[in-house]
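# Architecture and fold: a report
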Amino acid sequence: MAIRERLSGNEATAIAMKQINPDVVAAFPITPSTEVPQYFSTYVADGVVDTEFVAVESEHSAMSACIGAQAAGGRAMTATSANGLAFMWEALYIAASSRLPIVLSAVNRALSGPINIHNDHSDTMGARDSGWIQIYSENNQEAYDNMLMAHRIGEHPDVMLPVMICQDGFITSHAIENIELVEDDKVKAFVGEYKPAHSLLNRENPISVGPLDLQLHYFEHKRQQAQAMANAKKVILEVSEEFYKLTGRKYGLFEEYKTDDADVVIVVLNSTAGTVKYVIDQYRAEGKKVGLIKPRVFRPFPVDELADALSKFKAVAVLDKADSFNAAGGPLFTEITSALFSKGVFGPKVINYIFGLGGRDVKSNDIEIVYDKLLEIANTGKVDSVYNYLGVRE
Amino acid sequence: MAYNLKEVAKKPERLTGGHRMCAGCGAPVVVRQILKALKPEDHAVISSATGCLEVSTFIYPYTAWTDSFIHSAFENTGATISGAEAAYNVMKRKGKFEGEAKFIAFGGDGGTYDIGFQALSGAMERGHDMVYVCYDNGAYMNTGIQRSSATPKYADTTTSPAGKKIPGKMQPRKDLTEIMANHHIPYVAQTAPIGNMKDLYEKAEKAIYTPGPAFLNVLAPCPRGWRYNTPDLMELSKMAVETCFWPLYEVIDGKYIINYKPKTKLPVKDFLKLQGRFKHLFKAGNEYMLEEIQKEVDSRWETLLKLAGEA
């Protein structure tokens, strides 16, 4: 029987980690992810997990210790936000290229400067090309469920890549919601035991990790890494299907909300999708055909599936909670439009809004502005501005 | 076990030949001798910071390491090895690892005194059962002899060149061994192995088999950076010790022990004159530099004598 609880996103993440019972957690405090290692260290102190908690002196060392632990044959986990993730940047690439399936709870927060502790996606978007699988979560339940699936995805022999599970700082990390937990024994059975083919602690077969890799082999290794990311898509779907059988909660590469007969849709990550769903219900009551596509998996980017799903709409607005400062569009927008173009989908008019930077509140009337603009574009077929800002004074 | 050269020489090499370190380099000699201090039955997990040692011993698809080895980046060796040690503790508790594994990290002075200093300090403070070995050649040699905080004052390097107005590096060398001793870890030692292989072996054995963190600071001359005649390596290493530029000492649970006191402390210029990086110190008009370096060596030696209760 599933357990009904009321938990914050950080608590839910920490409980998932307790149930996973990793070998090593190495973490450094940074708002708003601090609570994750904080809760977890109480499990260590009370002896309810077998984990070694390494209270490192920086996030760079957190990721470096995870690299050492995972290469040694253990399961290693960490949690961070914003500047912490940025400080890990160098080691993120090394973890991925060393094919170490570390799992990281990324509690999204605006990247300095100026310093700001509130939510946007500038941190994980900055790490989007680091070789990590990135899965985004709308609410506490999704943050918990995605965490339970992370190891199965990353550790799959066709993948062997690190995974970050993203959720919105404060909005879901600190807000308490009803949640359904899976029983400990079921989690244990679902996640399974980690048995890497090679490890530093396999004394029968010592290995060297992290070579100088020059012109003769580096490119082949990068090609293999790219293939692993491509392979991850199928594995994510398989693991999600198995999770559905276990819990009844269904996950794909992205979620579609009321898109069947929609003329226009918003594409947005994480918690804002909840606000968008609320507006959709209001607009639907007025007979307006609006819908939502919420990408869950950003890395690997589901190019074919998203291009196909978006092809039937008249107008699409991609909402980016991070700016690329390229004077052209946010990261989600450029990837979506690139997917449409490369797949020969030229039907929908696509516009972009940068929104919510530094935790700027996103209210239902902000979303209404976007839908009204989309409906106007659908009617007129005219786009006056592609790259826009939402909810900013200018 | 008392040191026996013949017995130690018979032990198998754990860093094999075929690596690409320069002839006359101190670093591989240091590594081989330290690894000989391991019990043959113990598995070792060895980590290295980015640097000459790493890029010359593990060039894909070849490795010179017979034990398990990991390199991740320049500044994080202390953290990387501490993660491996943490995983080992869990696996040992769960009965997933038979026997003993030992954790040894190597870094040059750039990767240790400078960019890797924070990760090293953190690892030592957290008390991991590991040894961190700095092979100190006093500059960033891998990238082409740039000054580090281990570079001695007035040394001519490519980023502290002895120019017309500025005569080399203007700052004194950081005393990392002292800083590590002040971490109050169970074992800290400093040695200059060439000519003192027994001292290095014994210190390595203590460092590896003392539970908890240990730090070894090992002088490892670099023929390219120091610009000495390669066959002078032995003489140079000897002079570092005989002049008290690089005293041999250890700190065991806070207690200082000087392992060697020269009968006649030689002037530091006898060490400096063998090296091209100090050539400009011997030009007429630059005597003040030699005097200043001598004063600093004397002062540090006096401080050490006091710490060891011998002053």
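Residues numbered from 1 in each chain as written. Chains lettered and ligands numbered in written order. Predicted model: local features only at pLDDT ≥ 70, side-chain atom pairs only at ≥ 80, totals over all residues.

The name recorded for chain B in an unreviewed UniProt entry is Pyruvate ferredoxin oxidoreductase, from Acetivibrio mesophilus.

Defined as follows: UniProt positions are given in the numbering used here, feature names are shortened, and annotations may be inferred rather than shown by experiment.
Labelled according to an unreviewed UniProt entry, chain A appears under the name Pyruvate ferredoxin oxidoreductase, originating from Acetivibrio mesophilus. What UniProt states about chain A under its Sequence similarities (unreviewed entry) heading is, verbatim, "Belongs to the pyruvate:ferredoxin/flavodoxin oxidoreductase family."

### Looking at the overall build of chain A
Stated formally: Helical segments are the DSSP runs of H or I of at least four residues, strand segments are the runs of E of at least two, and each set is numbered from the N terminus. Only the C-alpha atoms count toward the radius of gyration. The rule for a globule is 2.2 Å times the residue count to the power 0.38. Think of it as a crowd count around each C-beta: if 20 or more other C-beta atoms lie within 10 Å the residue is buried, if 12 or fewer it is exposed, and in between it is partly exposed, with C-beta placed from the backbone throughout. Here, residues touch in the contact sense if the C-beta positions derived from the backbone fall within 7 Å of one another.
Along the backbone of chain A there are 13 helices and 16 strands. For a compact globule of 394 residues, the expected C-alpha radius of gyration is about 21 Å, and chain A comes in at 21 Å, within 12% of that figure. Here chain A holds 394 residues, and 55% of them are scored as buried. Pairs at least 24 apart in sequence give 80% of the contacts found in chain A among residues at least 6 apart.

### What about the sheet that holds strand E12 (residues 290-295) of chain A?
Residue and element names in this part refer to chain A. What counts is decided by this rule: Only strands joined by at least two bridges in the DSSP assignment are considered to pair. Where helices are involved, their axes are fitted lines through C-alpha atoms of the stretch in contact, as for all axes, and angles between N-to-C directions lie from 0 to 180°.
Here we have 6 strands laid out as an open sheet, ordered E10-E12-E11-E14-E15-E16, and mixed in their pairing. Pairing within the sheet leaves two strands with one partner each, and these edge strands are strand E10 (254-257) and strand E16 (387-390). Looking at each pair of strands side by side, their axes are set apart by 25° on average, direction ignored. Two strands pair when backbone bridges link them, and strand E11 (residues 264-267) and strand E14 (residues 315-320) are joined in this way by 4 bridges, in the parallel orientation. Bridge assignment links Ile266 to a residue of E14, and that residue is Ala317. The sheet strands contacting helix H10 (residues 272-285) are E10, E11, E12 and E14, and the helix crosses E12 at an angle near 165°.

### Re the interface of chain B and chain A
Quick note on the threshold: In the scheme used here, Gly and all other residues not listed as nonpolar or charged are polar, with Ala, Val, Leu, Ile, Met, Phe, Trp, Tyr, Cys and Pro taken as nonpolar and Asp, Glu, Lys and Arg as charged.
Taken together, the contact pairs 39 residues of chain B with 39 residues of chain A. Of all elements in the fold, only strand E1 (43-48), strand E2 (58-59), strand E4 (68-70), helix H4 (77-93) and helix H6 (117-126) of chain B reach the threshold of two or more residues within the side of chain B that touches chain A. If you tally residues by element for the side of chain B that touches chain A, the top one is H4(B), at 13 residues. Broken down by class, the residue content of the side of chain B that touches chain A amounts to 21 nonpolar, 14 polar and 4 charged. The pairing of strand E9 (residues 208-209) of chain A with E4(B) spans 2 bridges and is classified as parallel. Bridged to A:Ser208 within E4(B) is B:Phe69.

### Concerning the sheet that holds strand E7 (residues 163-168) of chain A
As a general point, the strands of a sheet are linked pairwise by backbone hydrogen bonds and lie either parallel or antiparallel. Residue and element names in this part refer to chain A. Strands sit in the order E3-E2-E4-E5-E7-E6-E13 across an open sheet of 7 strands; the sheet is mixed. At either margin of the open sheet sits one strand with a lone partner, and together these are strand E3 (52-54) and strand E13 (297-299). Looking at each pair of strands side by side, their axes are set apart by 20° on average, direction ignored. Summarising the sheet, strand E6 (residues 133-136) and E13 pair through 2 bridges and their orientation is antiparallel. Its bridge partner lying in E13, Ile135 is registered against Val297.

### Remarks on the packing of helix H11 (residues 303-310) of chain A against helix H12 (residues 331-342) of chain A
Residues and elements named next belong to chain A. Put simply, the rule reads: Note that the term roughly parallel is reserved for angles under 35 degrees, roughly antiparallel for angles over 145, roughly perpendicular for angles of 65 to 115, and oblique for everything else.
At a minimum axis separation of 9 Å, H11 and H12 run at an interaxial angle of 80°. It follows that H11 is roughly perpendicular to H12 by the angle criterion. Along the contact surface, H11 presents Val303, Leu306, Ala307 and Leu310, while H12 presents Ile336, Ala339, Leu340 and Ser342. For the contact of H11 with H12, a count of residues per class yields 7 nonpolar, 1 polar and no charged.

### Re the domain arrangement of chain A
Residue and element names in this part refer to chain A. Note the threshold: Residue ranges assigned to each domain were obtained from an automatic or database domain assignment.
If you check the domain split of chain A, you get domain 1 (3-247) and domain 2 (254-390). On the domain 2 side, the residues contacting the 28 residues of domain 1 number 20 residues. Going through the elements one at a time, helix H6 (122-126), E6, E7 and helix H9 (218-247) are the ones with two or more residues in the side of domain 1 that touches domain 2. Per-class residue counts for the side of domain 1 that touches domain 2 are 12 nonpolar, 11 polar and 5 charged.

### Quick word on the pairing of E7(A)
Residues and elements named next belong to chain A. Operational definition: By convention, a crossover is right-handed whenever its connection, traced from the first strand over the helix to the second and viewed with the strands pointing away, goes clockwise.
Buried residues dominate E7, accounting for 6 of its 6 residues. Of the two faces of E7, the one carrying Val163, Ile165 and Gln167 and the one carrying Met164, Cys166 and Asp168 are both buried. Examined bridge by bridge, strand E5 (residues 103-108) and E7 share 6 bridges and lie parallel to one another. When the sheet's bridge partners are listed, Ser105 is paired in E7 with Ile165. Sheet topology note: the E6/E7 ladder contains 4 bridges and is parallel. Across the sheet, residue Ile133 finds its bridge partner in E7, namely Val163. A crossover connection joins E6 to the parallel E7 through helix H7 (residues 140-154); in handedness this β-α-β unit is right-handed.

### Re the pairing of E14(A)
Residue and element names in this part refer to chain A. With respect to burial, E14 is a largely interior element, 6 of its 6 residues being buried. Burial along E14 is two-sided: Ala315, Ala317 and Leu319 facing one way and Val316, Val318 and Asp320 facing the other are all buried. Pairing of E14 with strand E15 (residues 349-355) involves 6 bridges; the strand directions are parallel. Among the inter-strand pairings, Leu319 is bridged to a residue of E15, identified as Tyr353. Following the backbone out of E14, through H12 and into the adjacent parallel E15, one traces a crossover that is right-handed.

### Section: the confidence of the model for chain B
Put simply, the test is: Confidence scores per residue from the predictor, reported as pLDDT, run from 0 to 100.
Looking at chain B, the pLDDT average stands at 96 and 100% of residues meet or exceed 70. Our summary of model confidence lists the complex with pTM equal to 0.98 and ipTM equal to 0.97.

### Description of helix H1 (residues 9-20) of chain A
Residues and elements named next belong to chain A. Condition: Expected helix span is given by 1.5 Å per residue-to-residue step, counting one fewer step than there are residues.
With 12 residues, H1 extends 16 Å from end C-alpha to end C-alpha; this agrees with the ideal 16 Å at 1.5 Å per step. Buried residues dominate H1, accounting for 11 of its 12 residues. Gly9, Asn10, Glu11, Ala12, Thr13, Ala14, Ile15, Ala16, Met17, Gln19 and Ile20 are the residues of H1 that are buried. Taken from the residues just after H1, Asn21 is the one with a positive phi, measuring 55°.

### Description of the environment of A:Pro22
All names here are of chain A. Here Pro22 lies in the loop between H1 and strand E2 (24-26). By the C-beta count within 10 Å, which is 27 here, Pro22 ends up buried. For the pair Pro22 and Gly359, spaced 337 residues apart in sequence, the C-alpha separation works out to 32 Å. Residues within four places of Pro22 in sequence aside, it is in contact with Met17, Thr51, Arg75, Ala76 and Met77.

### A short note on the confidence of the model for chain A
Chain-level pLDDT for chain A is 98 on average; 100% of the residues reach the 70-or-more range. Ranking the elements of chain A by mean pLDDT puts strand E1 (residues 3-8) of chain A last, at 96, and E6(A) first, at 99.

### Some thoughts on unusual backbone geometry
Residues and elements named next belong to chain A. The residue after Thr31, namely Pro32, is reached through a cis peptide bond having omega 0°. Here the amide bond leading from Ser112 into Gly113 is cis, since omega sits at 0°, within 30 degrees of zero. Structurally, Gly113 can be placed in the loop between E5 and H6. Positive phi is not limited to glycine here, since Ala327 has a value of about 60°.

### Comments concerning the nonpolar core
Operational definition: To define a nonpolar core, we join buried Ala, Val, Leu, Ile, Met, Phe, Trp, Tyr and Cys residues through C-beta atoms within 7 Å and take the resulting set.
Ranked by internal contacts, the top residues of the largest apolar core, which has 219 residues, are A:Ala26, A:Cys66, B:Ala84, B:Ile104 and B:Val133. No other element matches H4(B), which puts 8 residues into this core. Viewed by domain, this core spans two of them, domain 1 (3-247) and domain 2 (254-390) of chain A, each represented by three or more residues.

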